Each structure stands twice: as structure tokens, then as C-alpha cells.
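Residues per chain are reported as follows:
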Protein chains: 2
Amino acid sequence: MAMKLSDLNTPCFVLDINKVEHNATRMRATCERLQLKLRPHTKTHKTLEAALIQTGGSKRCIAVSTLAEAEFYASHGFDDILLAYPITESKIARCLDLMQKLESFHVFVSGPDGVSTLKAHEADLPPPKVWSVVLEVDAGYGRTGFDIEGQEVMDAVQTITESARMSLAGVYCHCGDSYVIWSKTDREKLQRNTVQLLCSLQNRLKDFGVTCPFGTGSTPTCSLPIDLNKSLSEFHPGNYIFYDYQQYLLNACRESDIAGRVMTRVVAHKPEKSMILVDCGFTAISHDGMRQQLPDDDFCLIQGESNLKLIGMSQELGQIVAKLGDLDCTQYPIGTIFFLYPYHSCATAAMHSEYYVHSDNQVVGKWTPVKGW
Amino acid sequence: MAMKLSDLNTPCFVLDINKVEHNATRMRATCERLQLKLRPHTKTHKTLEAALIQTGGSKRCIAVSTLAEAEFYASHGFDDILLAYPITESKIARCLDLMQKLESFHVFVSGPDGVSTLKAHEADLPPPKVWSVVLEVDAGYGRTGFDIEGQEVMDAVQTITESARMSLAGVYCHCGDSYVIWSKTDREKLQRNTVQLLCSLQNRLKDFGVTCPFGTGSTPTCSLPIDLNKSLSEFHPGNYIFYDYQQYLLNACRESDIAGRVMTRVVAHKPEKSMILVDCGFTAISHDGMRQQLPDDDFCLIQGESNLKLIGMSQELGQIVAKLGDLDCTQYPIGTIFFLYPYHSCATAAMHSEYYVHSDNQVVGKWTPVKGW
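Residues numbered from 1 in each chain as written. Chains lettered and ligands numbered in written order. Predicted model: local features only at pLDDT ≥ 70, side-chain atom pairs only at ≥ 80, totals over all residues. Heavy atoms only, no water.

Going by the annotation in an unreviewed UniProt entry, the name recorded for chain A is D-serine dehydratase, with Elysia chlorotica given as the source organism. Per UniProt, chain A carries the Catalytic activity (unreviewed entry) text "D-serine = pyruvate + NH4(+)". (UniProt positions renumbered as here; feature names shortened; annotations may be inferred.)

Rendered as C-alpha cells:
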């Protein structure tokens, strides 16, 4: 493909392969330094190519967010896959197929209901397979998972260890609360607190005669780890492979580390409103972020144009104005290309059926994510 | 496919075929009553099946929002297609291919730049074809299009009519401003104003010796037309085929007319926060709407559960709480199915690669929209 970025139709999602590789290498180095196993999450990209880069080519040890991802990776030679999503009855049949196909497939239990669901399907497992269970715990984020200090998680451990058809593969904690913390002091306090709570649970399990890997995730906390993380065994970030405007605002990366951008062109002028229109509407970039307290109440960053702001979108049009003063449309002729750093790359990547991969300005490939559920 | 809705994996986008047909029939009847031609927009659904229903099987006279849609419909026997999007240089090559393939293909000119772009490519047209131009005018919405009262639109008409390789196919006005008007009085005032401005332009063109069809669109104004609309020649709504929560709030439809819903299941409980978690996250329903002034600051409507509210989403999880009082999780066991009416069906449909079509509770088909640009 002897194409340049400027040959592409817009809007499109473009990925800088050098940044993707840099971000992957850096996270692997972080994990090596802290002696942690890296179980990268594939939810941000959902492609074979990025998962190969994340796993250093091993195709082993990943976390996924949907059954569609699990099946996609399983059918392409990946193994040691964790479906990091609360297990429920309606997912059992497809999980049983994955148990058959994979050497190592782990399911996620986020509450007592998950344990009973698995228990009810022990007899359906292809012998000698057992349910490999990762328990999700909640250390304060307040979304899903067992209360990390409660009794229910101990009851779950007991049920699992007593069963001949279940094994405890690990404990998983997503630090989603790190996404609303903007100061280093507060973030490190959260991190210490989370790791300490996980260590307490680790000790309670030890007293109970059980040991297993303990993992913690979220791109901000894994990108900016604390030494205490060494007490645990695993990191499982996902977004770090692309990063985005949000991660940059959280200090988890530099602006120059953001690998995924939406490329868009100016398609119309509205001089009487000092506004230009680009071909990036709400089908090409997510609204995600716009409810946050952002600088300028913005939901993307326009690369190299810090005084410009995307103020609204309809289906196929984005409206850009100046933050300060009046935008002069003649400075941005029809056809002018802009690159938008999305606020949330997971949400924006999900809107694209193809990612155009480039090295500098040269298009070097096209990656196709798996879709659906 | 002998499946029931409850057999489907969730999340998924489901379409009630009877409502789709009812909405299509009603809009056709409205147009017949007002003696207007209906040029349905396909941007909301992007499927063959819904376009067949919208055109009453004729496969003629549609508006599309992307070149990908135009090419998709052209390759499936549709004709008389309007690319209702500002024409720019980067779209010319594919438009020339469409000119070759279709009997009747119209391009959209939203400013002086569009006219010059077409002019520069007259010689590239396959003889005896001419550019069939629809002029977009702006009657106050303030997004794209020529100022309806300005001189530039007259200059464009002159250039087009003087050229041997261009013809004026019509004038198009999208009433996007109808989406922020909640009272009948204000909406009708806007409608009268828009039609009167269009009639003035019609008269200016007549004085200039030119007549052509005048069309106006937006689902709220086409669903609730005024008699004055008879002075024009065309309606070009799109969203009406599915409708959504927004249209219901705008009085453009009844709740029971909303044909497209996201089906989701309860996957976890968080009793200490009186919250249930469903498997509809931001990959399955759009954030669109959440910046609006909505009842309860909501961005979807949970069918038959008027006291429940979706308060936030991560990638694959939605958080539901009670508006008044505490939600009792035991009322909604894991696996409970909810149907969400999206705030904006165009935005939510765009997130799905498949739509499941049902009649009552029976799944009767699967439609696949065209993606990309």
C-alpha cells in the first residue's frame, strides 16, 4: 500500500504504529521492573495485530471484555484468555465451547450469583476441565465486584476451593476510581489504599490456606505505578496501547504518546459564525468525556491547534470555533486536514470498522477489529 | 429463524418491524396529503431492507449521508440518489464513478467552494452526463448551506444555469433548529418562517427564470407539518423510520412509535449503592443527548420502568438506579431483560453491526447496515 495519510478518505481512525509499539514496550518494562506479570486487556483495540504487540508475540495471557473477543482470539491461536466480565447464565454455553477449545480459559465472578451459576454447570464441563475462576473485588470504585473487605468473597473462595470442578485462578481489581483523580498525591493515596486492601485480602486467603495471583489494573495506575505494587502479581491495563486525551490529562502519558487519532477534513465554512465544519461527526468520534469537568468543556484535542475547539457534532459534521477571538475561515481552506485526539480512545475506536496504521506519514497497514458481543 | 427476543445475546439493537412499517406508511400518507414528494434519508438505518420500506419498494429517490451509503445502494439497484453532504474535492473521484453507474445521482453544494469544485471537474464527467446539483440553503439553523437571503446562492444558481455541464436539481433546507424547540407555538413559528424564506427564494429564482424542486426536512417538522408546507415540493426526513426518545420528547411521535431499542440484561447487583448493572455500555448506546436539558438529565428511556434511570456507562456496563427512593436489587434478578429507547437512534444504530428485527416477540430477521464513509 504505497499511500500517504493524506490519501485516505476522511473521517478515519489512524494509528501510529511506532507509538503503539513504544507504549507496549514501556508497559512491559514497567511490569518487568516491578516483577509483575502483564495481562494486557484487548478491549481498546480488539485486533489481532495489537494483541500480538501487547503479548510480545506470545499470544498468551490476555484479558477481554466480550465473548466475541474471546472467540476471535481463540480462533486465531491465542490462549490463556480471561473473560473479564461478570459471568451470567446467558454466557455459559459459549464459555463451555471456549473451555473445549482453549488450554486455559478463565471466567470472572463478580458476586455470589456468579459462583452459583458456575456450580450449576459443573457437570456440563468437558472432563477433566474445571472452571478456572477469577474473582473480581471492589476496593472502592463501586461498580462491580465483591466488597474486598466483606464476608461474601471468603464464602466464594470457600465454595470454589471445596469444589472438585472449580479452581481459583486469581483475584482482579479494576481501579476505575483513578479516572476522576487529577492530583498525584490523591492518586498515590488511592493506589496505596487499593494495594493495601488487596494485601489484606491476600493475607486473609493465606490464613485460609489459599494463595493465588492478585492483579490490579486501570491505565492511569499501571502507567504511574507505586513501589507497593510489587506486593501483587499482575497488571492488566488496556487503554495504554493507544492512550488518549483523557490519559494525557491524567498525566498517564504525554500528548506525543497518543497513538490513535481521528483524521478529518474541513468540508465547509460558516464565516458569519467564525466556524469551520469538518467531516468528523458523532459517528466518527465519541461524545464520551463531554460530561467531565474538562478544560474548555471539550471532548477532544485538536493536534497542533490549541486555540481551536470542537463544540458540537451532528451525524457527519463537527463544528470548530476558536477558544479565544474569532476563527478566520480563510486560514483553514476546504480540504485542510486536522487530527483529533479523542477524549476516550476505547469509545472512539469502537466506532470504526477499520484502523489505518501509519509510520510517519506512510500508511503501512489496515487493522480490522472484531465487533459485537 | 425460530427465535424469540429473549433468545438473543445482549446487548443488541432490536427493531420492531411493525412499527418501522407503520412509521413509513404514516410519513408517506403525510406527503400524499400535502402533495409532496418524499425523498427519505437513509442515514438512520443504512440498510437495504429499511430503504425498500421507505421507498415503498421503488428503490428510487433517496438521500444518503455518506459515499459508502451511495455506493451500497447503487450496487443494489437503487437510483435517483442524493448525496446530501457538502461536495469537496476529495469526494469527486467516487462521485464520478457513481455518475457512471447511476441514471440519476445528485450532489450537494453548500457554498461557493462547492460550485467551483464541480466546475473544475466538468470535463471529467462521462458524456453526456452533467452535474446534477442540489443547493443547500441555511434558513437559520446555522450549520451548513448558503445564507437563504444572500447573494451567494443567486451567484451559484447563475453559474449552474449558465453551464452546459451542470443542472439545478433542487434546493434543500434541513431544519436542524427544530431539535431545540419544545413548544408547539415556537415550532410552528419556526416552520412558517422557514417555509416563507424558502418561498421567497423560490420567487427570486422565478424572477431569474429558474424553477426547481424545493425540499425541507428534519423529522420533527415533517412529522408535524403545517399547511404552508404545500407551497414546497419535497420532504426528506430520515429519523422517522425508527424515531427515538428525543423525537418523543419533541412530540414528533408517541412512545409506542419508537421502533428501535437496545435490549440489555441485568448482569450484576450493587445493593449497597441501590444499583443494578446491565450489559449495555457505551459501545451499545450513544452518549448523545446527555448534554441536553432532559427530564432527569437522562439519555435514554427504560421501557416500562419510568422510575429507573441509566446514570452512567463504562465500556460494557450501564449503571441503573431509581429516580425516587432506593432501587431494590431483588426486584431485578440477574438476567432480567430491559429495553432501552435510545435518546438518538441515528447515533445508537451506528454502533451496531447488526439489527435484530422482530414482530412481537418473534425474531423475524437480521439486517446489516453499511458502515464507514
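Following the structure, the description resumes.
Describing the pairing of strand S2 (residues 12-16) of chain A
Within a regular strand, side chains alternate between the sheet's two faces. All names here are of chain A. Of all five residues that make up S2, five are buried, and the element is covered over most of its length. Alternating residues of S2 divide into Cys-12, Val-14 and Asp-16 and Phe-13 and Leu-15, and every residue in both groups is buried. In this structure, S2 lies alongside strand S12 (residues 260-270), joined through four bridges in antiparallel fashion. The residue bridging Cys-12 from the neighbouring strand is Met-263, located in S12. As paired strands, S2 and strand S18 (residues 355-359) are joined by four bridges and run parallel to one another. Following the sheet pairing, Leu-15 is matched in S18 by Val-357. (Buried < 20%, exposed > 50% of the residue type's maximum accessible area, 1.4 Å probe, protein only. Helix = DSSP H or I, 4+ residues; strand = E, 2+ residues; numbered from the N terminus. Pairing = 2+ DSSP bridges.)

Looking at the interface of chain B and chain A
With 56 residues of chain B in contact, the opposing surface of chain A contributes 56 residues. For the pair chain B and chain A, the summed buried area comes to about 4400 Å², and 55% of that belongs to carbon and sulfur atoms. Between the two partners, chain B and chain A, sit four salt bridges. The partner of Glu-316 of chain A in a salt bridge is Lys-46 of chain B, with the nearest N and O atoms 3.9 Å apart. For the pair chain B and chain A, the number of links is 14 residue pairs in polar contact (both at pLDDT 80 or more). (Contact = heavy atoms within 4.5 Å. Buried area = accessible area lost by both parts, 1.4 Å probe. Salt bridge = Lys/Arg side-chain N within 4 Å of Asp/Glu carboxyl O. Polar contact = N/O pair within 3.5 Å; in protein donor to acceptor, adjacent residues only side chain to side chain.)

Observations concerning the packing of helix H3 (residues 67-74) of chain B against helix H4 (residues 92-101) of chain B
All names here are of chain B. Two elements in contact, H3 and H4, have axes whose closest approach is 11 Å; the angle formed by their N-to-C orientations is 20°. Between H3 and H4, the angle is such that the two are roughly parallel. You can see that H3 and H4 cross each other, and the crossing is left-handed. On the side of H3, the interface is formed by Leu-67, Ala-68, Ala-70, Glu-71 and Ala-74, while H4 contributes Arg-94, Cys-95, Leu-98 and Lys-101. Here the residues of the contact of H3 with H4 are counted per class, giving six nonpolar, no polar and three charged. (Axes fitted to C-alpha atoms, helices over the stretch in contact; angles between N-to-C directions. Parallel < 35°, antiparallel > 145°, perpendicular 65-115°, else oblique. Left-handed = near helix turned anticlockwise from the far one by under 90°. Nonpolar A, V, L, I, M, F, W, Y, C, P; charged D, E, K, R; others polar.)

So, the relation of the copies chain B and chain A
For the pair chain B and chain A, the relating rotation is 180°, the translation along its axis is 0.0 Å, and the fit reaches an RMSD of 0.0 Å. Seen this way, the second copy is the image of the first under a two-fold rotation axis. Same-surface contact between copies: 100% of interface residues of chain B are shared with the interface of chain A. (Least-squares fit on C-alpha atoms with pLDDT ≥ 70 in both.)

Observations concerning the pattern of salt bridges
Counted by the stated rule, this structure contains 22 salt bridges over all chains. For Glu-69 of chain A, the salt bridge identified is with Lys-46 of chain A, shortest N-O distance 3.3 Å. A residue pair is termed long-range when its members are at least 10 positions apart, and Glu-69 of chain A in helix H3 (residues 67-74) and Lys-46 of chain A in the loop between strand S3 (37-38) and helix H2 (48-54) qualify at 23 residues. Exposure class is identical for Glu-69 of chain A and Lys-46 of chain A. Each is buried. Of the charged contacts, one joins Arg-94 of chain B and Glu-71 of chain B as a salt bridge, the two residues approaching to 2.8 Å between their closest N and O atoms. Here the residue Arg-94 of chain B occupies a position in helix H4, and Glu-71 of chain B occupies one in helix H3, the gap between them amounting to 23 residues. You can call Arg-94 of chain B buried: its relative accessible area is 18%. Under the relative-accessibility criterion, Glu-71 of chain B is labelled partly exposed at 28%.

With respect to the pairing of strand S15 (residues 308-313) of chain A
Residue and element names in this part refer to chain A. The element S15 is largely enclosed, with a buried count of five among its six residues. Bridge count for S15 against strand S16 (residues 318-322) is five bridges, and the pairing is antiparallel. Looking across to S16, one finds that Lys-309 is bridged to Val-321. Here S15 folds back onto S16, and the loop between the two strands holds four residues.

Considerations on the packing of helix H6 (residues 152-162) of chain A against helix H7 (residues 184-207) of chain A
Residue and element names in this part refer to chain A. Contact geometry for H6 and H7: axes closest at 11 Å, N-to-C directions at 40°. The pairing of H6 with H7 is recorded here as oblique in orientation. Between H6 and H7 lies a crossing whose hand is right-handed. Counting all contacts with H6, which are made through Val-153, Met-154 and Val-157, the residues of H7 involved are Leu-201, Arg-204 and Leu-205. Broken down by class, the residue content of the contact of H6 with H7 amounts to five nonpolar, no polar and one charged.

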